[in-house]
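Notes for the structure review
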Amino acid sequence: MAPTTVKTLTYLQQEKTLESSFVRDEDERPKVAYNHFSTEVPVISLAGLDEVHGRRVQICQNIVEACENWGIFQVVDHGVDAKLISDMTRLARDFFALPPEEKLRFDMSGGKKGGFIVSSHLQGEAVKDWREIVTYFSYPVRERDYSRWPDVPEGWKAVTEEYSEKLMGLACKLLEVLSEAMGLEKDALTKACVDMDQKVVVNYYPKCPQPDLTLGLKRHTDPGTITLLLQDQVGGLQATRDNGKTWITVQPVQGAFVVNLGDHGHYLSNGRFKNADHQAVVNSNTSRLSIATFQNPAPNATVYPLKIREGEKPVLEEPITFAEMYRRKMSTDIELARMKKLAKEKKLGLDLEKENQLKELEKPKLDAKPLNEILA
Ligand code: OGA
Ligand code: NI
């Protein structure tokens, strides 16, 4: 076995048993099958969104309701060209099918901004995720580093550029709807992002020998404002509304984007809109591809509710920067993992209530890494 083969999942997916570094604690393992689909997350057609006195009102109502209930919905008739979507997906699949040494030419381990990596590019992961990713930092345009964008398969770079641009447009339209729903000017949410960042993460989840023991992507909320996820027809995206007690698998819809709100969107709405709590599960039958486009505020953008409704308390004590918000999130996650490990060692068991209390604290830690090393 060549050393490069070990690093990607191409080799591991052929094993009969799952390598121990991917095995999760029992309480984190999947509870619902990857293909046991739920239709609870609404599918909303955006046809007529620009008709101010027509369908727009109804579409906005549906979006707002979904954001209040789940923080997730799916959109169809979104105006992103089907050919662009299929080109993007085909080229992404072709990339992951390349030999390991080709993919590893873009290896981003060691904190490089963009490229290919197995599991995760974030710090402090105790158990690995069963996925390979390619990630692009696409906005602001002046910060693009094309040397970190794969130059294979041929033509992918141009397609990615167009895809990024079209998705930025769609995200801004959706943020307009949410701004209006908050009783603010249309551009209130984009303005609060100062200069919107965009990052594209292409997730490839190979077939897994023991999918019940692991996750493709562990439970999380996205940190940013809004995320647009394109997934294939396999299934694997799951969401929970009760802190992980029960889960649903989001039904794949051909050509749709799954839209979910992140922490920034949640805070700006003063908690009215949910930050979707989600994960991805894998399976032993087939590989799965998803493309997540994260719309984030600039690192120095202020995070604080844009509107506090009568009788509400602010969800944040004070305004902080997005960079600080992110740092607190990461250090809380690391602290949680540490406490969990300790509790396990002592066989105490960390109950959900304690876990939530800790989440509430979101204490900044002095040993936190600089933002540019962890901000993904
Ligand atoms: C993500 C994400 C889910 C999926 O990339 O943040 O939640 O189904 N992906 O791939
Ligand atoms: Ni996510």
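- Within an unreviewed UniProt entry, the label attached to the chain reads Naringenin,2-oxoglutarate 3-dioxygenase, and the organism entered is Flemingia macrophylla.
- Its UniProt record gives the chain a comment under Catalytic activity (unreviewed entry), which states: "a (2S)-flavan-4-one + 2-oxoglutarate + O2 = a (2R,3R)-dihydroflavonol + succinate + CO2".
- As recorded by UniProt, the Function (unreviewed entry) comment attached to the chain reads in full: "Catalyzes the 3-beta-hydroxylation of 2S-flavanones to 2R,3R-dihydroflavonols which are intermediates in the biosynthesis of flavonols, anthocyanidins, catechins and proanthocyanidins in plants."

**Focus: the packing of helix 3 (residues 56-69) against helix 6 (residues 156-181)**
- Relative orientation of the contacting elements helix 3 and helix 6 amounts to 85°, with a least axis distance of 10 Å. Accordingly, the angle class assigned to the pair helix 3 and helix 6 is roughly perpendicular. Only Leu174, Glu176, Val177, Leu178, Glu180 and Ala181 of helix 6 make contact with helix 3, whose side of the interface consists of Arg56, Cys60, Ile63, Val64 and Cys67.
- Class assignment of the residues belonging to the contact of helix 3 with helix 6 gives a composition of eight nonpolar, no polar and three charged.

**Concerning the site of ligand 1**
- Around ligand 1, 13 residues are found, and the nearest of them are Tyr205, His220, His278, Arg288 and Ser290.
- Here an oxygen atom of ligand 1 and a side-chain polar atom of Asn203 are 3.2 Å apart.
- Between Asp222 and ligand 1, the recorded distance is 3.3 Å, taken from a side-chain N or O atom to an oxygen atom.
- In isolation ligand 1 offers 290 Å² of accessible surface; the protein chains occlude 95% of this area.
- Of all the elements in the fold, those that place two or more residues in the shell around ligand 1 are strand 6 (197-205), strand 7 (217-220), strand 12 (277-280) and strand 13 (288-296).
- In terms of residue class, the shell around ligand 1 is built from seven nonpolar, four polar and two charged.

**Side note on the pairing of strand 13**
- Of all nine residues that make up strand 13, nine are buried, and the element is covered over most of its length.
- Covered by surrounding structure in strand 13 are Arg288, Ser290, Ala292, Phe294 and Asn296 together with Leu289, Ile291, Thr293 and Gln295, the residues of both alternating faces.

**What about the pattern of salt bridges?**
- For the coordinates displayed, the defined rule picks out 25 salt bridges.
- One salt bridge connects Glu161 with Arg144, and the closest N-O pair in it is separated by 3.4 Å. Taken together, the residues span a long stretch of sequence, with Glu161 in helix 6 and Arg144 in the loop between strand 5 (132-139) and helix 6 at a distance of 17 residues.
- Assessed through its relative accessible area of 14%, Arg144 is described here as buried.

**A short note on the packing of aromatic side chains**
- Considering all chains together, one arrives at 11 aromatic pairs under this definition.
- Between Phe95 and Phe96, the aromatic rings sit 5.4 Å apart at their centres with planes inclined by 85°, giving edge-to-face as the arrangement.
- Since its relative accessible area comes to 0%, Phe95 is described here as buried.
- Note on Tyr146 and Trp149: the rings are 5.0 Å apart at their centroids and 65° apart in plane angle, and the pair reads as edge-to-face.
- What makes Tyr146 partly exposed here is its relative accessible area of 33%.
- According to the relative accessible area criterion, Trp149 is buried, its value standing at 4%.
- Aromatic rings pair up to connect Phe95, Phe96, Phe106, Phe116, Tyr136, Tyr146, Trp149, Trp156 and Tyr204 into one cluster.
- Above the face of the Tyr139 ring, Arg144 is positioned so that its terminal group lies 5.2 Å from the ring centre.
- Positioned above the aromatic ring of Trp70 is the side chain of Arg241, whose terminal nitrogen or guanidinium carbon lies 4.2 Å from the ring centre.

How each quantity is defined
- Residues numbered from 1 in each chain as written.
- Chains lettered and ligands numbered in written order.
- Predicted model: local features only at pLDDT ≥ 70, side-chain atom pairs only at ≥ 80, totals over all residues.
- Heavy atoms only, no water.
- UniProt positions renumbered as here; feature names shortened; annotations may be inferred.
- Axes fitted to C-alpha atoms, helices over the stretch in contact; angles between N-to-C directions.
- Helix = DSSP H or I, 4+ residues; strand = E, 2+ residues; numbered from the N terminus.
- Parallel < 35°, antiparallel > 145°, perpendicular 65-115°, else oblique.
- Contact = heavy atoms within 4.5 Å.
- Nonpolar A, V, L, I, M, F, W, Y, C, P; charged D, E, K, R; others polar.
- Near = heavy atom within 4 Å.
- Polar contact = N/O pair within 3.5 Å; in protein donor to acceptor, adjacent residues only side chain to side chain.
- Areas by Shrake-Rupley, 256 points an atom, 1.4 Å probe, with all protein chains shown as cover.
- Buried < 20%, exposed > 50% of the residue type's maximum accessible area, 1.4 Å probe, protein only.
- Salt bridge = Lys/Arg side-chain N within 4 Å of Asp/Glu carboxyl O.
- Phe/Tyr/Trp six-rings, centres within 6.5 Å; stacked < 30°, edge-to-face > 60°.
- Lys NZ or Arg CZ within 6 Å of the ring centre and 35° of its normal.

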